[in-house]
Structures are given as C-alpha cells and as structure tokens.
Amino acid sequence: MKVFFAVDVHGATTVWRKWISAVSIYEANALILSGDLTGKVLVPLILQEDGSYKASYFGTTWILKNEDEVKNFEEKLSNAGAYYRRITKEQLQELKNNPDKVKQIMEEEMVKRMRDWLNLLVEKVDTKKIFTVVMPGNDDEFVIDPVIKEFEDRGIVYPLDKIIEIEGHEVMSFEYVNPTPWDTPRERDDREIQHMLEEKISKLKDPKNAIFNIHAPPFNTAIDLAPKLDKNLRLVGGLDGVKFVHVGSKGVRAVIEKYQPILGLHGHIHESSGFEKIGRTLCLNPGSEYGEGLLRGYIIDISKDGIENYFKIQG
C-alpha cells in the first residue's frame, strides 16, 4: 500500500487542497493527516460608514472597497490559515472586552472550515477505495473531534478512539504533546504521556509489528529540533545564527525504544522535517510551511513485511 502522510496544515486551505490532490498525483492508496488541523489567528473585517471594510493582518492595514475585494481578501486569509469574520465597530468594542466571545467565534470558524474541508475531501476522494485518516493534534480545540466523526459514515477514519490497520499492521494514534510555551489544548507531561501511551499500546496484539501514529516526535532526534526561545518567547541566537534545542517527548521516545514498532509517524515541530532511526524503528516528520502554502509529506510504501520504501515530497 502506498501511503501519503502529512501533518500541521494549521487551517491553510491551499495546503489542505494539495493534500487531497496527492491521491492522484502520487497514486496513493491511503491518505493520513495527523494534526494540527486548525489555524491560530482570527482577523476581524470591520464595517466602515461608507460600506467598505477595514482589516489588519501581519502589520498591514487593508481597506476593502467592494464585495469582490472583500471576498478576495477572505480567500487569501483562508489560504494562509487565518479565520475571519465581518463585524461592526460596536461588535469590535464588545469583543475587546469579552475574550470568551472571541474564543467562541474562533471555535465557530474552526468548526465551519473543518466541515467545509471534509465535504471537499469526500467530494474529491473516493473513500471507498482510498483509506483516509484525519486526526487532531495538540493545537486543535476539542470542538473539531465531533466534526470529523460526523464523516465516518462517508469513509473518513477518526483514529483516536480505535486501533486501525494498514497492510496487516495495527496503527495506534495519539495526539497529545509534552508542554509547550503556548499552553495548547492537548498537552501532558512526559510521565503522563508515557502512561497514556502504554494504555493504548496494551490494546495492540503485536506492538513490534505496529505503526505508532504519534503527533509529538521522540526526544533527542533529528526530527525534534526547534528554535530556542527566551522567557519572553524571543529567539535566542548570536552571530552564528539561531540556536536550536531538542523539544520532543521523552515519553514517546521511551515507548518507541521499548516496543520497537516498524514505523513512527510524527509532526508538531515544523522546522525538523526529516527522519530518524531508533533501533529498528523508522521515525518520520514531514515538517510544515503552511503559511507559505507549501505542502510537505512522505510517500511510504508499506507491505505485510514492513516498510518497503519512503521518500519526502513538497510542493
């Protein structure tokens, strides 16, 4: 079976569309997207007295004079992974004083885009023939899980509540990561992660012949290096450039070392695209440049005997 594996699209519609197109381009038999699915930014489009809209994004202020300009701008935001909503000046003032309302709107937009994406997926991909897996990651609010499950009767696999199988290999999936500076929705310390993973692994018949689909990469590898940040979340570096540190999960590494599955599918650290071998286990992280509209992924040929071949693509 030829699997196309990608991660960390973060709300970018262009990247989602490219992932769907990978089926025909690479003649894949399976599609796997293992978190993070949703974006991080909400951009208000503020109605002005003359009927135009004013919006600010990445330090630039835009005046959108007519409906075509507004729709074009909304499409650009969607492709970059940002959410948007048209509001009045009075509503803007209300939002400035009500963070809970901002969170509510953000989650409504996440749900709407997730549902739009999944409708597009089942429209473009024959899920009766293409094994299709969509999984949340640590950045994803829990409101999107029910949306993915809505599409299970149309062939989309939500893997977090079950063990799935690829070419006779059981697949165990897990979305939590060790603590980050951003306090994302699905974080646990490494001890808890290892305990939660052990519980999931106990459901496998043959862990050494399994695939571990775990969003966090294993600690101290080539696929868990991220820029070092100071206490104010600024990059640490000098004349020799930005410093990088290992930020992966020690709990994830512990279970991979212990059980030696045939394959680890990881993401989370966008800057560390690549692979690592831990004993006999091949661990992959495609990386991500969603903000640039770039899709990164791995094509993996899997047979009943194990991993036959793998190579990285981007485009």
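Let me begin by describing the structure that accompanies this report. (Residues numbered from 1 in each chain as written. Predicted model: local features only at pLDDT ≥ 70, side-chain atom pairs only at ≥ 80, totals over all residues. Heavy atoms only, no water.)

Some details on the pattern of salt bridges
When the charged atoms of two side chains with opposite charge come close together, those side chains can pair. With the rule as written, the count across this model stands at 20 salt bridges. Residue E108 pairs with R85 through a salt bridge whose shortest N-O separation is 3.0 Å. With E108 in helix α4 (residues 99-124) and R85 in strand β6 (residues 82-87), this pair connects stretches of sequence that are 23 residues apart. Residue classification places E108 among the partly exposed positions, given a relative accessible area of 35%. For K162, the salt bridge is made with D161, and the minimal N-O distance between the two is 2.9 Å. Judged by relative accessible area, which is 32%, K162 ranks as partly exposed. (Salt bridge = Lys/Arg side-chain N within 4 Å of Asp/Glu carboxyl O. Helix = DSSP H or I, 4+ residues; strand = E, 2+ residues; numbered from the N terminus. Buried < 20%, exposed > 50% of the residue type's maximum accessible area, 1.4 Å probe, protein only.)

Here's the deal with helix α7 (residues 250-259)
Here α7 has its buried residues at G251, V252, V255, I256 and Y259. Mapping the buried residues of α7 onto a view down its axis gives an arc of 135 degrees, with all of them on the same face. Exposed side chains of α7 directed beyond 90 degrees from the buried face belong to K250 and K258. For α7, the elements touching its buried residues are α6 (190-201), β11 (211-214), β17 (274-278) and β18 (281-285). The distance from a side-chain oxygen at the start of α7 to the backbone nitrogen of G251 is 3.2 Å, and the residue carrying that oxygen is S249. Immediately beyond the C-terminal end of α7, within one or two residues, lies Q260, with a positive phi of roughly 55 degrees. (Arc of directions from axis to C-beta. Contact = heavy atoms within 4.5 Å. Polar contact = N/O pair within 3.5 Å; in protein donor to acceptor, adjacent residues only side chain to side chain.)

Here we look at the sheet that holds β17
The sheet built from six strands is open, its strands ordered β9-β10-β11-β16-β18-β17 with mixed pairing. Among the strands making up the open sheet, the edge pair consists of β9 (164-166) and β17. Neighbouring strand axes in the sheet, compared pairwise and without regard to direction, differ in orientation by 25 degrees on average. Across five bridges, β17 lies against β18 in antiparallel orientation. In the strand pairing of β18, F275 is matched with L284. Where α6 meets the sheet, it contacts β10 (169-174) and β11, and its direction lies at approximately 150 degrees from that of β10. Contacting β11, β17 and β18, α7 crosses the sheet at an angle of about 175 degrees to β11. (Pairing = 2+ DSSP bridges. Axes fitted to C-alpha atoms, helices over the stretch in contact; angles between N-to-C directions.)

Points about the packing of α6 against α7
Between two packed helices, what matters for the description is the angle formed by their axes and the separation of those axes. The geometry of α6 relative to α7 is characterised by a closest axis approach of 7 Å and an angle of 40 degrees between their N-to-C directions. As far as their axial angle goes, α7 and α6 are oblique. Two packed elements cross with a definite hand, and for α6 against α7 that hand is right-handed. Within the contact between the two elements, α6 uses D190, I193, Q194, L197, E198 and I201 and α7 uses K250, G251, V252, A254, V255, K258 and Y259. (Parallel < 35°, antiparallel > 145°, perpendicular 65-115°, else oblique. Left-handed = near helix turned anticlockwise from the far one by under 90°.)

Purely geometric stuff here, so don't read any function into it on its own.
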